[in-house]
Amino acid sequence: MNRLTRIAYLGFIAGDTKAFTIVHQVSFAILLGASAALLSVLRPDSAVGHEWLVSGSVLLIIATLGAVYSEKFSRSWVPNLAIPLLDFLALGLCRLGTYPDGAGLSILAFTPVVWLVTSFRTRGAVIALVAVLVTLTPVSLFGGDAPVDAARIVLALILPVAVVLVSGLTIGLETRLSSVNARLTAALERQQSLTSDLQRTSALLRGTGASVDVGVVVFDENGDTAFKNPAFTSHLDATVKRLAGAQFTSNGSGDADTTIGSPTATGTVIDDSAIADGDMFGADGHTRIDPRESPVARARRGERFADELIWVGPQDGDQLALSISSVSWQGHPSIAPHMIVTTQDVTATQQLIRARERILASVSHELRTPLTSIMGYTELALDELENDSRAAASAISSYLAVVQRNSDQLLAMVEDILSAQQTPSNSFELNITEFELAPLIDDVVEQLRSTAADQEVELAVESSGSPTISADSKRITQVLTNLVVNGIKYSGPGHRVTVRTRTDALGIGFDVVDDGAGMPAREVDQLFTAFFRGDAARASSQRGVGLGLSLVKGIVDAHGGTITVSSTEGAGSTFSVRIPSRDKGTRP
């Protein structure tokens with residue numbers, strides 16, 4: 001039963017040719033055979049030609065076997081022609097064997113007629129008409145003892161005419177179906193082409209979105225997120241981290257599943273609306289933004305704006321700077337307008353701008369102080385010139401000494417700034433010579449003893465021999481002087497600064513050690529950054545623009561050497577300078 005059901009399914013639903021042929025032929029054979037058998041049984045008194053029925057049954061069996069094994073034929077048109085013709089012959093014999101009661105069997109002729117027409121179209125219609133005229137029409141005309149008259153002829157021709165009409169109708173329907181099928185096929189191909197283009201475009205857009213560092217999020221007409229790229233998720237994660245100040249996780253795929261809290265917490269799921277909440281400030285970094293007026297919240301409401309700068313995170317902590325823009329997009333009148341929001345992490349740029357502003361303020365202040373002193377003492381000296389007394393000359397001399405000291409400070413600052421321009425490209429001009437390091441250290445320390453004494457700081461040298469070094473002696477003197485002066489400035493009264501010669505695997509050099517206040521770890525990482533000054537330096541009365549250590553590192557790097565620093569708050573700092581030995585082949 002299951003096999004018959006499967007054959008029926010394949011023939012009528014799935015469109016399998018062999019299954020359709022088998023179902024078609026078996027149905028015709030059963031219907032014709034059963035009808036003829038019933039007539040012969042139910043009308044025993046009629047003149048039934050059993051020999052004709054047997055012959056017809058044999059032809060039906062042959063035709064059915066041909067349908068079952070139709071794939072055995074080398075040419076597909078053979079069974080489509082032979083089987084319907086055998087059906088016509090079987091139908092004619094059964095019609096003859098059951099005459100006159102079997103007249104109703106003639107209607108079964110439309111089964112092979114349709115088969116021939118669908119297989120061969122017009123030629124099939126002609127073959128079907130001839131087959132009807134040969135197998136069925138003679139029975140209707142000449143069967144029995146009734147004379148052939150006009151009425152009988154008309155009755156006999158009804159079936160051929162009906163065959164012609166059905167054939168024409170079948171051909172017309174098939175033509176229309178073929179036309180519709182062709183249009184559907186073309187439409188399907190266009191749809192497949194459009195789908196393929198859409199998939200390629202979607203893949204290109206997603207690939208482009210994933211490859212740029214600009215965050216993109218699209219909101220639909222309801223304010224719901226329709227699309228977001230990984231960069232936006234990255235900005236979202238960074239924002240949530242700063243807003244929450246807690247642990248969070250993200251799958252990094254562009255889907256919002258950021259969770260705030262410890263692993264044992266219940267977990268609060270945060271989506272892109274998190275950018276609209278928390279500590280958020282305007283471009284100045286101080287004006288707090290109401291969450292309801294945040295750029296993302298406004299974009300959800302359909303507002304448009306360009307390059308709005310916000311700072312996210314506590315003012316005294318690690319802040320994130322985002323530049324956010326919002327535009328409206330409607331690709332087609334049938335599509336509701338969408339809002340496209342772009343976010344760009346401009347933290348590094350804004351920090352540079354802030355650093356530039358701090359540098360300008362610091363340099364302006366540091367330059368203004370000696371300039372004010374120079375101008376003031378110059379005016380005093382000019383006033384004293386009106387007096388020719390010896391006391392006036394002495395006063396002028398002291399005034400000029402102050403002017404010279406402040407001028408030297410200005411010159412040193414300007415030289416530091418000019419030298420700082422050489423540091424990024426290591427474009428220092430070096431005059432490499434061989435010299436002993438210990439005498440150079442002694443000279444520098446001796447020159448700075450008075451400065452140390454003024455600050456009540458003790459200077460000491462610990463030398464283990466006098467190694468010979470190949471370097472620019474002027475630049476090495478500049479490095480050592482800068483480090484020792486910094487030690488004197490920031491150690492404070494009662495402390496000690498020691499210079500020690502060192503030779504190790506890194507090369508030949510020295511350590512400058514102080515037992516002052518030291519520095520926090522967060523400042524140590526930035527010590528060699530141009531214009532950086534630590535909290536203690538800014539709070540002290542010591543002048544400077546934060547270029548000394550940047551210049552020191554630039555000079556050491558130009559020599560191919562290394563400079564490291566270790567510092568502990570309350571225990572002092574150690575600066576270690578090493579210049580590679582000549583025999584190691586690392587000379588600049």
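Residues numbered from 1 in each chain as written. Predicted model: local features only at pLDDT ≥ 70, side-chain atom pairs only at ≥ 80, totals over all residues. Heavy atoms only, no water.

Draft legend 1. Representation of the packing of aromatic side chains in the model. In total, this model carries 0 aromatic pairs according to the counting rule given. Its end group placed over the ring of Phe305, Arg298 keeps NZ or CZ at 4.5 Å from the ring centre. (Phe/Tyr/Trp six-rings, centres within 6.5 Å; stacked < 30°, edge-to-face > 60°. Lys NZ or Arg CZ within 6 Å of the ring centre and 35° of its normal.)

Draft legend 2. Up close: the sheet that holds strand β2 (residues 225-228). Read across the sheet, 6 strands follow the order β2-β1-β9-β8-β7-β6 without closing on themselves; strand pairing throughout is antiparallel. The strands lining the two open edges of the sheet, one partner per strand, are β2 and β6 (280-281). Two strands pair when backbone bridges link them, and strand β1 (residues 215-219) and β2 are joined in this way by 3 bridges, in the antiparallel orientation. Each residue of the ladder has a partner; that of Val218, found in β2, is Phe227. (Pairing = 2+ DSSP bridges. Helix = DSSP H or I, 4+ residues; strand = E, 2+ residues; numbered from the N terminus.)

Draft legend 3. Local environment of the packing of helix α5 (residues 110-135) against helix α7 (residues 150-211). Closest axis-to-axis distance for the α5/α7 pair is 9 Å, and the angle between their directions is 170°. When the axes of α5 and α7 are compared, the pair comes out roughly antiparallel. Contact residues: α5 offers Phe110, Val113, Val114, Val117, Thr118, Arg121, Thr122, Ala125, Ala128, Leu129, Val132 and Leu133, while α7 offers Leu159, Pro160, Ala162, Val163, Val164, Val166, Ser167, Thr170, Ile171, Glu174 and Thr175. Partitioning the contact of α5 with α7 into residue classes produces 16 nonpolar, 5 polar and 2 charged. (Axes fitted to C-alpha atoms, helices over the stretch in contact; angles between N-to-C directions. Parallel < 35°, antiparallel > 145°, perpendicular 65-115°, else oblique. Contact = heavy atoms within 4.5 Å. Nonpolar A, V, L, I, M, F, W, Y, C, P; charged D, E, K, R; others polar.)

Draft legend 4. Structural context of the nonpolar core. One finds Leu480, Leu483 and Phe510 to be the most contacted residues of the largest nonpolar core, which totals 36 residues. Elements with a contribution of two residues or more to this core: α12 (437-447), β12 (468-471), α14 (473-491), β13 (496-504), β14 (507-514), α17 (548-558), β15 (562-568) and β16 (572-579). Sorting elements by how many residues they give to this core places α14 first, with 6 residues. Dropping the residues within four chain positions of it, Leu483 is found in contact with Phe510, Val512, Leu549, Val552, Phe575 and Val577. Of all hydrophobic cores here, the second largest spans 27 residues; its members include Leu53, Leu108, Ala109 and Ile171. (Core = buried A, V, L, I, M, F, W, Y, C linked by side-chain atoms within 4.5 Å. Buried < 20%, exposed > 50% of the residue type's maximum accessible area, 1.4 Å probe, protein only.)

Draft legend 5. Molecular detail of α7. Over its 62 residues, α7 extends 90 Å from the first C-alpha to the last, a length consistent with the 92 Å expected when each residue adds 1.5 Å. Maximal helix bending in α7 amounts to about 30°, located at Ile158; proline Pro160 follows within four positions. Within α7 the residues assigned to the buried category are Arg152, Ala156, Leu159, Pro160, Val163, Ser167, Thr170, Ile171 and Gly209. (Expected span 1.5 Å × (residues − 1). Bend = angle between axes of the 7 residues up to and from the residue.)

Draft legend 6. The arrangement of the side chain of Ser567 in detail. Tracing the sequence through the fold places Ser567 in strand β15. By relative accessible area, Ser567 is classed as buried at 19%. There is a polar contact of 2.8 Å between the side chain of Ser567 and the backbone nitrogen of Met519. Within the structure, the side chain of Ser567 is placed 2.7 Å from the side chain of Ser573, a separation counted as a polar contact. If we ignore the near neighbours within four places in the chain, the residues touching Ser567 are Gly518, Met519, Val524, Gly572 and Ser573. (Polar contact = N/O pair within 3.5 Å; in protein donor to acceptor, adjacent residues only side chain to side chain.)

Draft legend 7. Highlighting the sheet that holds β16. In spatial order, the strands read β11-β13-β14-β16-β15; together these 5 strands make up an open sheet with mixed pairing. Since the sheet does not close on itself, it has two edges, and those belong to β11 (458-462) and β15, each with one partner. Strand-to-strand twist across the sheet, computed as the mean angle between neighbouring axes with direction ignored, equals 15°. Sheet analysis places β11 next to β13, joined by 5 bridges and oriented parallel. Pairing of Ala460 across the sheet is with Thr498, part of β13. Packed onto the sheet, α14 meets β11, β13, β14 and β16 and runs at close to 15° relative to β14.

Draft legend 8. Here's a closer look at the side chain of Gln350. Structurally, Gln350 is set in helix α10 (residues 347-385). In this structure, Gln350 is in contact with Leu309, Trp311 and Ala321, ignoring residues within four places of it in sequence.

Functional significance is not addressed by these values, which are geometric in nature.
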